[in-house]
Amino acid sequence: MIKTKNMNKIKNRKIIKPAKVISELIMTGLILSLFSACSDIPSYPFKSNSKAGAITCTIDDNTVIVNPVDTELPSDFMRGFDSSADTESGVSYKNIAGNDCELYETLKSFGINWVRLRVWNNPYSTKNPSVPGKSNKEVLVGQAVRAKKAGLKVLVDFHYSDYWADPGKQVIPEDWLDCSTSDQLAAKLSDYTKEVLNALKEAGVEPNMIQIGNEISSGMLKHKALDSSENATNADDAVRGDFCSANYFKYMVSGISAARETCPSAKIMLQFTDISRNNPLNYLSNFKTAFDSAGVDYDVIGLSWYSEWSSHGTLAELGEKIAALKSRFAKDVCVVETNVHWKYEEGSGILTEQHKKNLVGADGKVYPGILTDDKGNIIASVQNQANIIRAIIEVTAQNGGCGVFEWGGEYLGAWNSMFAGSGKPLASLAVYGVQ
């Protein structure tokens, strides 16, 4: 997904369920009154493994009910949260009782088992159109320490940029712009990868997974600057890493080799956006041939899927894409970026027509469980946020995917957040306890 400065304001454990649907299983007003400290947040107190069980979660004035998914979720299914919240900036997270609490402990209590942490080379680069948040090496290490302490697995997301990297912009870090050859740039990338990973290891928080580049569907290290409208200026041909070019593979292999050497037990992820949507069979065959020929050594394919982007296709097509990638590449496939609105930016109680077009199943109808009004419009609500995430988890798992990560859920009170402006979690966060 293309991320801009305006969006910055918003950007395995097995759960056992009761034998019957319980209307107020967790987090009722009574329970809320009992928990006043972060350490008091309970795990879900399910006592049975019956598929009939549903999760009911009440926080303040919102009650959310999450039904089980129509498939078997593996115990190691990645219930992920893409969270790079900078608590040093004064952002304060609360527990369900409204008391200050460590964000990662709250996430863990709701069933989250993975956190994805981005890292930028120098967020304060003069080449940036804005300063969207630190997310540098030092902040990453602090976040990873807190996340690991809370019992979460960590996926480190290298953007190899001073700013958001995505299909529209892959801006070379300012400190690397003096490189005149691709070999020099590949060496910088390798050294930086080792530097960051060694810092994590020294802090005792070696990552469980490492992502080489962010949304690299258009290339890596392609641009040298952004203008005020965030249009990218191309780098010289000698160093441009266009998709599937010799430089692209050189940079990718350099990063992977550095990661394998430094953290040999960590899995390697490569993230793409709308791969395989047009003529998927031929595209996938050509894509696989190119990656195999270049000797790219990786374990997991990460996908971005956002219902507001037409190029990402429908929910049904997401499932087809996951199944095709898993079959052709013999790799794990994960939805490593998605998000869901609980309110719409313009204040409307319904989502856009594009959401309506994308949130459909194989029959062309709105996916089961997603709420609509009497005109067929998709409702924007905390309940429907949970319903849509549940649908994404279900489609992913049914087609062999290994996990789903929510992007931007930590931005307090934002349209796609899973935390209220007060810092308290929304009841929809309970969806990550689904089975």
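Look up: the structure comes first, before these words.
Each value, and the rule that gives it
- Residues numbered from 1 in each chain as written.
- Predicted model: local features only at pLDDT ≥ 70, side-chain atom pairs only at ≥ 80, totals over all residues.
- Heavy atoms only, no water.
- Helix = DSSP H or I, 4+ residues; strand = E, 2+ residues; numbered from the N terminus.
- Polar contact = N/O pair within 3.5 Å; in protein donor to acceptor, adjacent residues only side chain to side chain.
- Salt bridge = Lys/Arg side-chain N within 4 Å of Asp/Glu carboxyl O.
- Buried < 20%, exposed > 50% of the residue type's maximum accessible area, 1.4 Å probe, protein only.
- Core = buried A, V, L, I, M, F, W, Y, C linked by side-chain atoms within 4.5 Å.
- Contact = heavy atoms within 4.5 Å.
- Axes fitted to C-alpha atoms, helices over the stretch in contact; angles between N-to-C directions.
- Parallel < 35°, antiparallel > 145°, perpendicular 65-115°, else oblique.
- Left-handed = near helix turned anticlockwise from the far one by under 90°.
- Nonpolar A, V, L, I, M, F, W, Y, C, P; charged D, E, K, R; others polar.

Enquirer: How should I be thinking about the side chain of arginine 116 in this particular structure?
Expert: Tracing the chain through its elements places arginine 116 in strand 4 (residues 114-119). Of note is the side chain of arginine 116, whose polar atom sits 2.5 Å from the side chain of aspartate 82. Reaching out from arginine 116, the side chain makes a polar contact with the side chain of glutamine 211 at a distance of 3.2 Å.

Enquirer: Help me out: how do you make sense of the pattern of salt bridges in this one?
Expert: Opposite charge on two side chains allows them to pair when their charged atoms are near. Scanning the model with the defined rule gives 18 salt bridges in all. Note that lysine 137 and glutamate 195 form a salt bridge whose closest N and O atoms lie 2.9 Å from each other. Placement of lysine 137 in helix 3 (residues 137-149) and of glutamate 195 in helix 4 (residues 182-202) is noted, with a sequence separation of 58 residues between them. Among the residues examined, lysine 137 registers a relative accessible area of 21% and is labelled partly exposed. Note on glutamate 195: relative accessible area 40%, which makes it partly exposed. The structure contains a network of salt bridges with shared partners spanning Asp82, Arg116, Asp157 and Glu337.

Enquirer: Is there a simple way to think about the nonpolar core in this case?
Expert: Soluble globular proteins: nonpolar side chains tend toward being buried together. Of all hydrophobic cores here, the largest spans 102 residues; its most connected members are Leu270 and Phe291. Here this core takes 9 residues from helix 9 (residues 382-398), the largest share from any one element. Apart from the residues lying within four places of it in its own chain, the contact partners of leucine 270 are Ile212, Ile216, Met252, Ile256, Phe291, Val296, Tyr298, Val300, Ile301 and Gly302.

Enquirer: Explain the packing of helix 4 against helix 5 (residues 246-262) here, please?
Expert: One way to put it is that helix 4 packs onto helix 5 with a least axis distance of 9 Å and a crossing angle of 25 degrees. Taken together, helix 4 and helix 5 sit at an angle that is classed as roughly parallel. Between helix 4 and helix 5 lies a crossing of right-handed hand. The segment helix 4 lies against helix 5, with Ser182, Asp183, Leu185, Ala186, Leu189, Ser190, Thr193, Lys194, Leu197, Asn198 and Lys201 engaging Asn247, Lys250, Tyr251, Ser254, Gly255, Ala258, Ala259, Glu261 and Thr262. Looking at side-chain class alone, the contact of helix 4 with helix 5 contains 7 nonpolar, 8 polar and 5 charged residues.

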